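Commentary on secondary and tertiary structure
The primary structure of each chain is shown beneath.
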Amino acid sequence: MRWPLAVAGFMAWGCRAPVQVPEPEPVPVSTIDVGHTRELRGVWVATVANIDFPSRPGLPAEAQQAELVAMLDLFQSLGFNAVFFQVRPEGDAFYRSDLEPWSRFLTGVQGQDPGYDPLDFVVREAHARGIAVHAWFNPYRAKTTRKANAVAPHLSVLSPDTTRTYGALLWMDPGVAEVRERTVAVVRDVVTRYDIDGVHFDDYFYPYPNGTVFPDQATYGAYVAEGGTLDLADWRRENVNTLVREVASTVREVKPWVAFGVSPFGIYRPGQPEGIRGLDQYADIYADPLTWVDEGSVDYLAPQLYWPSTQKAQAHDELLHWWADTVGDKATVYVGNYLSQVGATPAWSVDEFRHQHSSAREHSGIDGNIWFSGKPLLDDRQGVRAMFTELYDHPALPPPTRGNLETVALPRVDVEGSALHIDHDDASVRSFVIYRSRNVPASPRDSDAPHWTPQSILSADGDGIVDLEPGAYAVAAVGKHGAESPAVPVLVE
């Protein structure tokens, strides 16, 4: 029996290993370090009461989808890079769910299938346009009007003793464990099944006071009877704190790259900073954003600074500085701006919003803005679109999610004439940033060419082909967590 040469050699020499022909090492790809100032350019898309979407309940699926496409096209054209899409306005769902019923704001009837999945549609269409999607949940509101009809599996139908009537509202009692468990389960379900970039809570925790006492005496009494020692106010705050902790833990367990943040009321407490007056969210709605930050539960806060800069008792710029200086070294800070007021009074001019944006951009502790809501943009109220075309005149990525960022694989880049072909092997890649140099180097490998600036952001879900003018470019890949790879330089001649 004849043995192959390598095996025969091994047998003849005893312990001698077979000869291995080394594979040629891959030619290293030359890279350069690039990057740009990150800025969140977000817009809240409110579905409650059909504020932004759909324009009215009962539209056919095709008409609703057309509205979403037009909205996302507009946001892209104005330079926005994130939408905060309201998926749970009142214990219901703007997505296909086994846990909660379809929202009545889609069809006019709670529980009625609209014929498509709005969240899935938004995620796909937004990502194709380089826009991040944060799923916006209201954690406790059960009904905006308690007269509205609810159907199973709405919590008020399955467990009516977990909800409380408060004025015209129906509210899920934050002190009931089943309420917390339901919200955590809903968030887990959405994060697991949808390719979202963030989970977002608004400012509705305990309801804003209407002059009457929130009717949770029985819930608190049961807590005390079981040995609880916190007073009523601290117990209410701890109920909210516990929900925030558990949601944060759930999001990080399922998809650690998904950001979790809250947009609290714009005043933490009266007198902070000095001279500020207004509602005390710590004492009145039992929200304690500083605790969430100190415990590391939130990746970002977006305080709603919903006052003009001329309103001294709630001075916009002073509040902006206070939040940035108090929170900025522990969590990312964005500013929530009340764009829906544009033109409502002389104080709410387009120039006022231009000033508010400038104040945010000039402070090193602020990383962007979220504008409420999409409706003024859709209507071009007071010609406000032109302001955003001016403010967002160059592309930018949102800031990365805080925490450990995974390494992003380099993109594969080829030039064919004026066409750039970009591809990747990394499933975590979300998009590509194409940078251009103001100075054309002698070769595409010349890393000394200064002034690399972002020219465009390309979705990784597209065909990866872009036509460019002659010049020096560099292409970086961006992961779902927001980190960028080094850039591969290319020369288009």
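Here's what I pulled together on the structure shown here. (Residues numbered from 1 in each chain as written. Predicted model: local features only at pLDDT ≥ 70, side-chain atom pairs only at ≥ 80, totals over all residues. Heavy atoms only, no water.)

Focus on the pairing of strand E2 (residues 82-88)
When you tally the buried positions in E2, you get seven out of seven residues, the bulk of the element. In the sheet, strand E1 (residues 40-45) pairs with E2 via four bridges, with the strands oriented parallel. Note on E2: the bridge partner recorded for Gly 42 is Ala 82. At this point the chain moves from E1, through helix H2 (residues 61-78), to the parallel E2, and the crossover so formed is right-handed. Note: E2 against strand E3 (residues 132-137), six bridges, orientation parallel. Each bridged residue has a counterpart across the sheet, and for Phe 85 the counterpart in E3 is Ala 135. (Buried < 20%, exposed > 50% of the residue type's maximum accessible area, 1.4 Å probe, protein only. Helix = DSSP H or I, 4+ residues; strand = E, 2+ residues; numbered from the N terminus. Pairing = 2+ DSSP bridges. Right-handed = clockwise from strand over helix to strand, strands pointing away.)

Focus on the side chain of Asp 173
With respect to the helices, strands and loops of the structure, Asp 173 is situated in the loop between strand E6 (169-172) and helix H6 (177-193). Residue Asp 173 is classed as buried on the basis of its relative accessible area, which comes to 0%. Only 2.9 Å separates the side chain of Asp 173 from the backbone nitrogen of Gly 175, close enough to count as a polar contact. Among all residues touching Asp 173, those that are not within four sequence positions of it are Thr 162, Thr 163, Arg 164, Val 179, Phe 214, Asp 216 and Thr 219. (Polar contact = N/O pair within 3.5 Å; in protein donor to acceptor, adjacent residues only side chain to side chain. Contact = heavy atoms within 4.5 Å.)

Here's the deal with empty space enclosed by the protein
Counting across every chain of the model gives one cavity of 30 Å³ or more. In this structure, the largest cavity spans a volume of roughly 410 Å³. Lining the largest cavity are 30 residues, and of these Ala 132, Asp 197, Pro 398, Pro 399 and Lys 480 lie nearest its centre. The residue inventory of the lining of the largest cavity, partitioned by class, reads 13 nonpolar, eleven polar and six charged. (1 Å grid on protein atoms, 1.4 Å probe; cavity = no way out; pocket = protein on both sides within 12 Å on 5 of 7 lines; lining within 4 Å. Points joined across faces, edges and corners; volume = space filled by probe spheres on them. Nonpolar A, V, L, I, M, F, W, Y, C, P; charged D, E, K, R; others polar.)

Description of the pairing of E3
Of all six residues making up E3, six are buried, and the element is well covered by its neighbours. Here E3 shows two buried faces, one formed by Ala 132, His 134 and Trp 136 and the other by Val 133, Ala 135 and Phe 137. One ladder, built from four bridges, connects E3 with strand E7 (residues 198-201); its direction is parallel. Looking across to E7, one finds that Phe 137 is bridged to Phe 201.

Considerations on the pattern of salt bridges
Side chains that differ in charge, positive against negative, can pair when their charged atoms come close. Under the criterion given, the structure shown has 31 salt bridges. Of the charged contacts in the structure, one is a salt bridge between Asp 197 and Arg 430, with a shortest N-O distance of 3.0 Å. Note that Asp 197 is positioned in the loop between H6 and E7 and Arg 430 in strand E15 (residues 429-437), a separation of 233 residues in sequence. Classification of Asp 197 as buried rests on a relative accessible area of 10%. Residue Arg 430 is classed as buried on the basis of its relative accessible area of 12%. Overlapping salt bridges bring together Asp 195, Asp 197, Arg 430 and Lys 480 as one network. (Salt bridge = Lys/Arg side-chain N within 4 Å of Asp/Glu carboxyl O.)

Points about the sheet that holds strand E9 (residues 300-301)
On the basis of which strands lie adjacent, the open sheet formed by nine strands has the order E10-E9-E8-E7-E3-E2-E1-E12-E11 and parallel pairing. Looking along the sheet, the strands with just one partner apiece sit at the ends: strand E10 (332-333) and strand E11 (335-337). Sheet strands touched by helix H12 (residues 350-362): E1, E11 and strand E12 (368-372). Its angle to E12, the strand with the most contacts, is close to 150°. (Axes fitted to C-alpha atoms, helices over the stretch in contact; angles between N-to-C directions.)

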